[in-house]
Amino acid sequence: MNKKVVISAVSHYVPDKVLTNFDLEKMVDTTDEWIRTRTGIKERRILEPGKATSDMAAEAVKNLCKQRNIDPMEIDLIIVATVTPDMFFPSTANLVQEKAGAKNAWSFDIAAACSGFIFSLSTGAQFIKAGTHKKVVVIGSDKMSSIVNYHDRNTCVLFGDAAGAVLLEPSEDDELGIIDFLHFVDGSGAEFLRMKAGGSLNPASRETLANDWHFIYQDGKQVFKFAVKKMAEVAVDILKKHNYTGDDLKLFIPHQANLRIIDGAVKRLGINYDQVMINIEKYGNTTAATIPLALSEAYQQGKLDKGDLVVLATFGGGFTWGSALLKWGLDNPVKK
Ligand code: UT7
């Protein structure tokens, strides 16, 4: 990138309602011990009925504007990464534009499952880099509870609801900002993680309802095998490409799908756990929201200083996977 793009604010929103492993023990044949040891998750958040993905996203945008001290009317573009849009159309980003009072922004959604945030970050950055836009908001927001079958122990223990958002602006300091992206797709992975009905292939019908095809379907083992390899690879490769090693890394922010997948990447990177942001125990897998949520918490907790080297990495349905390398551009808000 010739002109650097910087994250100039980061925020998140999580619903108040907590669903613990012990609550799930009463709903399906599972145990807190199984969930913790196989995934690292202790609890997740659940959005109240009547609220949707756009409501969480709009809250994250309002928090973002407060943090950056800007009026939402200054935003030029809103991109929402989600697999749980409020509805098929209009796009969730349009609803966020209205709810956040960002009437000067145009907007659209990107569907790339757990890679949605990184793919959207890459897309949004191009508009700043091109010089046509000054303030682009990129959001990852998913109400996973709306597509989870709470009778299916294979999936219901894994997911939660949340939103995270970043503001992208041209960097005033050429040393700070986004350095590079890597993104990949292997469409042959579609069969292992998907929602079988509701689209043009299998429109909603009595049969699709009876077969539970409107919920997430995942072949966990197949996805795990691919995820553990590819998320580590894409994190290592982006560092290597720019002649960095794990030692140079201040913070690794991985997609939070399973602690064992994160462990694999940590090993491959050769880094310590104080160089990794992990919050899966509190939120589970929030799909497009995991990375901006983890980034926002890391920032709030004072884990990032101006100039720190950060890698974001993800893997998800599609299959999709990718990473971003950046030099953090904000001062540490936590006084030491
Ligand atoms: O974010 C998008 C990308 N998604 C991922 O990266 C997820 C990748 N996959 C995974 O994280 C893991 O495969 C899971 C956490 C989904 C499953 O863990 P696993 O170690 O692969 O378990 P498994 O599917 O091989 O199941 C082992 C056993 C099975 O019993 P049998 O067949 O051995 O008798 C399952 O029925 O564990 C059983 N099991 C459960 N037991 C208690 C599956 N879910 C549960 C559960 N509680 N919730």
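It should be noted that the structure appears before, not after, this text.
Residues numbered from 1 in each chain as written. Predicted model: local features only at pLDDT ≥ 70, side-chain atom pairs only at ≥ 80, totals over all residues. Heavy atoms only, no water.

J.: Can you break down the site of the ligand residue by residue, with the values?
T.: Surrounding the ligand, one finds 23 residues, the nearest of these being T30, R38, K221, N258 and N285. Separating an oxygen atom of the ligand from a side-chain N or O atom of R38 is a distance of 2.7 Å. Considering the ligand on its own, with 950 Å² of exposed area, one finds that the protein chains cover 74% of that surface. Within the residue set of the shell around the ligand, elements represented by two or more residues are α2 (32-39), α6 (153-156), α8 (220-241) and α9 (259-269). In terms of residues, the shell around the ligand owes the most to one element, α8, which gives five residues. In this structure, the shell around the ligand is formed jointly by two domains, domain 1 (5-170) and domain 2 (177-327), each of which donates at least three residues. (Near = heavy atom within 4 Å. Polar contact = N/O pair within 3.5 Å; in protein donor to acceptor, adjacent residues only side chain to side chain. Areas by Shrake-Rupley, 256 points an atom, 1.4 Å probe, with all protein chains shown as cover. Helix = DSSP H or I, 4+ residues; strand = E, 2+ residues; numbered from the N terminus. Domains from an automatic or database assignment.)

J.: I'd like to hear about helix α5 (residues 116-129), residue by residue, with values.
T.: With 14 residues, α5 ought to run about 20 Å at 1.5 Å a step, and its terminal C-alpha atoms sit 20 Å apart, in line with that. Within α5, 10 of the 14 residues are buried, which leaves it mostly tucked inside the rest of the structure. Restricting attention to buried positions, one finds in α5 the residues G116, F117, I118, F119, S120, L121, S122, G124, A125 and I128. (Expected span 1.5 Å × (residues − 1). Buried < 20%, exposed > 50% of the residue type's maximum accessible area, 1.4 Å probe, protein only.)

J.: Which residues make up the sheet that holds strand β5 (residues 106-110), and what values do they have?
T.: Pairing is mixed in the open sheet, where five strands are placed in the order β1-β7-β6-β4-β5. Unpaired on one side and paired on the other, β1 (5-13) and β5 mark the two borders of the sheet. Averaged over all pairs of adjacent strands, the angle between their axes in this sheet comes to 20 degrees, without regard to strand direction. Looking at chain direction, strand β6 (residues 136-143) and strand β7 (residues 161-170) are connected through eight bridges and run antiparallel. Paired with D142 across the two strands is A162, which belongs to β7. (Pairing = 2+ DSSP bridges. Axes fitted to C-alpha atoms, helices over the stretch in contact; angles between N-to-C directions.)

J.: Could you give me a rundown of the packing of aromatic side chains, with the residues and numbers involved?
T.: Throughout the structure, instances matching the rule amount to 10 aromatic pairs. Pairing F184 with W321 gives two aromatic rings, centres 5.6 Å apart and planes at 20 degrees, and the pair type is stacked. Taken together, the residues span a long stretch of sequence, with F184 in strand β8 (residues 177-185) and W321 in strand β13 (residues 320-327) at a distance of 137 residues. Ring geometry for Y299 against W328: centres 6.0 Å apart, planes inclined by 55 degrees, an arrangement best described as tilted. Taken as a pair, Y299 in helix α11 (residues 290-300) and W328 in the segment after β13 lie far apart in primary sequence, 29 residues in all. W328 shares its class with Y299; the two are buried. Taken together, F184, F192, F226, F315, F319 and W321 form an aromatic cluster joined through their ring pairs. Above the plane of the ring of Y217 lies K196, whose end atom (NZ or CZ) is 4.3 Å from the centre. (Phe/Tyr/Trp six-rings, centres within 6.5 Å; stacked < 30°, edge-to-face > 60°. Lys NZ or Arg CZ within 6 Å of the ring centre and 35° of its normal.)

J.: A description of the nonpolar core should follow, citing residues and the corresponding values.
T.: Within the largest apolar cluster, 43 residues are counted, with the highest numbers of intra-cluster contacts made by F252 and V311. Element by element, the count of residues in this core is highest for α8, at nine residues. Residues within four places of F252 in sequence aside, it is in contact with A235, A265, L269, I271, Q275, V276, M277, V311 and A313. Counting residues in each nonpolar core, the second largest holds 34 residues, with F117, L121, I178 and L304 among its members. (Core = buried A, V, L, I, M, F, W, Y, C linked by side-chain atoms within 4.5 Å. Contact = heavy atoms within 4.5 Å.)

J.: Before we move on, could you go through a negative patch on the surface and cite the residues and values that matter?
T.: Taken together, E172, D173, D174 and E175 make up a surface patch of like negative charges. With respect to the element layout, D173 can be found in the loop between β7 and β8. (Patch = residues over 30% accessible without salt bridge, like charges linked within 9 Å, V, L, I, M, F, W, Y side chains within 5 Å. Salt bridge = Lys/Arg side-chain N within 4 Å of Asp/Glu carboxyl O. Lys, Arg positive; Asp, Glu negative; His and termini not counted. Charge placed at Lys NZ, Arg CZ, Asp CG, Glu CD.)

By themselves these figures say nothing about function.
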